[in-house]
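Here are the chains, one letter per residue:
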Amino acid sequence: MHNIFLFARREYLETVRKKSFIVMTILLPAMMFGFTVLPSMIASKKSTESQKIVIATSDRQFGDDVRDKFMKPPEKKVPARRGAADASTRSFEVQVDTNVSPAEETVLTAKVSSHEIDGYLWAPASALSERKISYRSRASSDFETLGALSGAIREALLSQSFRKHGVPAEEVADILKPVNIDSKKVENGRVTDSSGIALFFTALLLMILLYVTILMYSMSVMRSVLEEKNSRIFEVLLSTATSKELMAGKILGAAAVGITKIAIWTLVTAPLAAQSISMFGESIRLGLSIKNMIFFGVFFVLGFLLYSALGAALGSAVNSEQEAQQFQFVIMMPLIVSAIFLTPVIQQPHSTLATVLSLIPFCTPLIMFTRILVETPPAWQIGLSLALLVGTIYSMLSICSRIYRIGILMYGKRPTLPEIVKWMKYA
Amino acid sequence: MHTVELQQVRKSYDKFVAVKDLSLKIEQGSIFGLLGPNGAGKTSTIRMMIGITVPDSGQVRMFGEPFKRDHLKRIGYLPETSGLYKRMKVSEQLVLFGQLRGLSATDAAARAKKWCERMDIAGWMDKKTEELSKGMQQKMQFIATLLHEPEFLIMDEPFSGLDPVNATLLKDVLLELNKEGRTILFSTHRMDQVERLCSAICLINRGEAVLQGTLKEIKGRYGRSNVQIEYEGTDEFLRENGLIQSFNNYGNYVEVRLAPGADSQKLLHMVAERSRVNKFELVEPSLEDIFIDVVGKTDA
């Protein structure tokens with residue numbers, strides 16, 4: 001036990017003292033924050049420049065309708081109709097032009113080219129009847145404006161035809177009122193206030209955190225074993241300790257690094273977690289209950305242990321960094337598989353696929369944790385997955401120490417798979 | 001008592017037999033040389049001695065009993081190539097190695113300081129290991145094997161990478177430790193380096209012991225059959241056959257191995273006839289000569 005502690009402490013101190021540890025611990029969440037939250041924050045900020053749009057249509061009433069609908073702020077933010085919501089946060093200047101002669105078309109096109117206006121809606125009578133209206137602008141890929149426009153046009157056309165049939169204006173507005181579905185999670189027989197979209201983003205955020213960190217550290221453990229092997233430190237170490245002690249120390253050291261990371265993240269994000277973040281017009285509260293944080297910690301550390309052990313096994317089976325790179329896919333595969341199935345699991349956390357995946361130890365840290373976030377699975381499943389995970393970690397550890405012990409003494413040539421199997425049986 | 005006793009020890013890797021039924025005994029308090037060319041099986045033998053690998057057959061006895069891991073605390077092993085963590089501080093690393101061998105942190109630190117002063121690297125204790133030169137790292141590794149005051153020291157190529165001054169320093173320390181009663185095993189292919197240090201040797205080639213015994217006994221077996229000649233003039237005498245089995249000519253100096261039964265006086269006359277002789281001395285063959293002789297015979 002004493003030796004395991006010594007090795008773990010050495011491994012821990014060496015990692016934590018590295019500049020890359022400090023940088024990555026702070027940078028990774030900052031980057032994720034930057035990639036997910038920041039763009040929507042920027043987008044939701046009012047742009048100081050207003051866009052000038054001309055609606056060219058032979059039907060003055062229709063033109064005014066479109067302009068009103070387009071400019072009018074929506075009554076409630078509805079994530080499903082993102083276009084309208086987002087357009088409201090930008091400022092527009094809309095003019096209605098009833099001249100739809102070919103000459104006017106040329107003039108408007110020239111105005112777009114010369115930046116006088118940003119775009120124009122071309123809706124002559126023929127286009128209206130065919131419902132084929134075109135919007136011409138320099139930025140033809142401005143989907144938000146386009147979406148908002150098309151929504152406004154649809155509403156304008158609908159209210160026009162309602163009016164034709166004699167429906168009063170108030171009723172038209174009532175009919176066209178959008179439906180807002182608010183998704184809430186039912187947990188322990190209660191409706192909680194965590195919304196579906198918030199859960200999705202929380203799951204995604206934590207998944208990326210798990211994925212990147214586990215991947216990075218399993219590689220780092222692999223490299224550290226490789227270094228010991230190539231510098232022949234193992235010869236000195238094995239003349240005092242057993243390979244099992246060495247391995248256990250190395251992997252526990254890595255786990256301590258993982259715990260440190262979580263502790264830092266928790267301290268930094270705890271004040272943030274309770275705050276709402278506005279994203280896609282939806283006010284999101286990260287679904288981080290104490291329970292979820294504890295599960296995150298548990299799966300994070302266990303995932304760390306498992307993949308560190310896998311990294312260590314690879315490190316002792318290969319001879320050089322180049323060779324190691326060829327085998328990195330062994331570590332990455334289960335992580336990638338988990339990432340691929342993330343969306344189906346989030347959508348149907350109780351499906352057979354999700355259940356089976358979450359019980360495969362190499363996928364458990366990512367998939368089971370996601371399931372817990374989205375919909376708490378039966379306790380026996382969580383228990384079973386944890387038991388399988390711990391069991392696998394333990395057997396990985398003993399397999400690893402065997403590969404390590406023999407692999408490091410057999411440098412020179414790359415071992416074949418049958419040889420590795422033979423090593424596992426040996427000693 | 002014997003510090004180490006190998007009985008018919010055998011180790012093979014796949015089809016390659018690294019050590020073939022090797023038996024040897026190392027007397028307590030002696031300096032023992034495990035000699036042989038590269039790839040002879042020296043390191044494989046040492047690894048079995050200290051339990052890094054397990055022999056396929058045969059037995060390892062240590063301090064008079066079958067090997068057990070507890071013995072490792074009484075052994076210090078200096079591996080052939082540097083086995084140090086590059087990014088660790090010198091002092092921290094030495095303390096770690098001391099602790100791994102059962103010392104307390106404070107004890108280990110005190111001893112590390114004392115030894116670093118003795119080995120002249122005290123000024124480097126706060127540096128990272130990778131900042132040290134190869135020779136300094138070798139000295140550091142040496143200290144790491146000594147910290148726990150082992151009864152038995154295994155030195156695998158201890159002088160490699162050391163300049164003459166440091167090699168002498170290391171040698172003096174080792175002789176001192178030996179005087180205190182510690183057993184030392186040298187493993188090397190540089191036979192000239194340990195020839196003067198060892199009291200007993202085991203010469204191995206291709207995993208087999210080809211010659212073992214005390215140095216005195218071995219050299220006695222070969223007798224004074226070598227002649228060192230310093231001469232001026234022609235070296236035609238070397239071509240006279242019948243007397244000379246082999247020679248190693250350095251220009252004005254030649255080492256000659258006499259043919260069995262040849263009379264050295266005859267050779268002296270022959271040399272003196274045509275050249276000026278400055279020195280003519282009958283000597284024991286060097287270990288290297290003996291080794292080449294023995295290996296030449298077994299390989300033939």
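For the structure given in this document, a descriptive report is provided here. (Residues numbered from 1 in each chain as written. Chains lettered and ligands numbered in written order. Predicted model: local features only at pLDDT ≥ 70, side-chain atom pairs only at ≥ 80, totals over all residues.)

A short note on the overall build of chain B
Consideration 1: Secondary structure summary: chain B contains nine helices and 14 strands in total.
Consideration 2: Each principal axis of the C-alpha atoms in chain B carries an extent, and together these give about 70 × 45 × 35 Å.
Consideration 3: A buried classification covers 39% of the 300 residues belonging to chain B.
Consideration 4: Here the contacts in chain B between residues at least 6 apart in sequence split such that 69% fall between residues at least 24 apart. (Helix = DSSP H or I, 4+ residues; strand = E, 2+ residues; numbered from the N terminus. Buried ≥ 20, exposed ≤ 12 C-beta atoms within 10 Å, placed from the backbone. Contact = placed C-beta atoms within 7 Å.)

Some thoughts on unusual backbone geometry
Consideration 1: Backbone geometry at His115(A) places phi at a positive 65°, although glycine is not the residue there.
Consideration 2: Mapped onto the elements of the fold, His115(A) is located in the loop between helix H5 (102-113) and strand E3 (119-123).
Consideration 3: With phi around 50°, Phe63(B) is a residue other than glycine that occupies positive phi space.
Consideration 4: When you line up the elements, Phe63(B) lands in the loop between strand E4 (57-62) and strand E5 (65-66).
Consideration 5: With 19 C-beta atoms packed within 10 Å, Phe63(B) lands in the partly exposed category.

Brief notes about the sheet that holds E3(A)
Residues and elements named next belong to chain A.
Consideration 1: Reading across from one edge, E2-E1-E3-E4 is the order of the four strands in this open sheet, with mixed pairing throughout. Strands with a single pairing partner mark the edges of an open sheet, and in this sheet they are strand E2 (92-97) and strand E4 (134-137). Pairwise comparison of adjacent strand axes, ignoring direction, gives a mean angle of 20° for this sheet.
Consideration 2: As defined by bridge partners, strand E1 (residues 51-57) adjoins E3 across five bridges and the pair is classed as parallel. Note that in E3 the partner of Ile55 across the bridge is Leu121.
Consideration 3: Each of E1 and E2 touches helix H3 (residues 60-71); the most contacted strand, E2, lies at about 175° to it. (Pairing = 2+ DSSP bridges. Axes fitted to C-alpha atoms, helices over the stretch in contact; angles between N-to-C directions.)

Focus: the environment of Pro285(B)
Residues and elements named next belong to chain B.
Consideration 1: With respect to the helices and strands, Pro285 occurs in the loop between strand E14 (275-283) and helix H9 (287-299).
Consideration 2: Separated by 59 residues in sequence, Pro285 and Asn226 place their C-alpha atoms 5.6 Å apart.
Consideration 3: Look past the residues within four positions of Pro285 in its chain and what remains in contact with it is Tyr222, Ser225, Asn226, Arg257 and Ile290.

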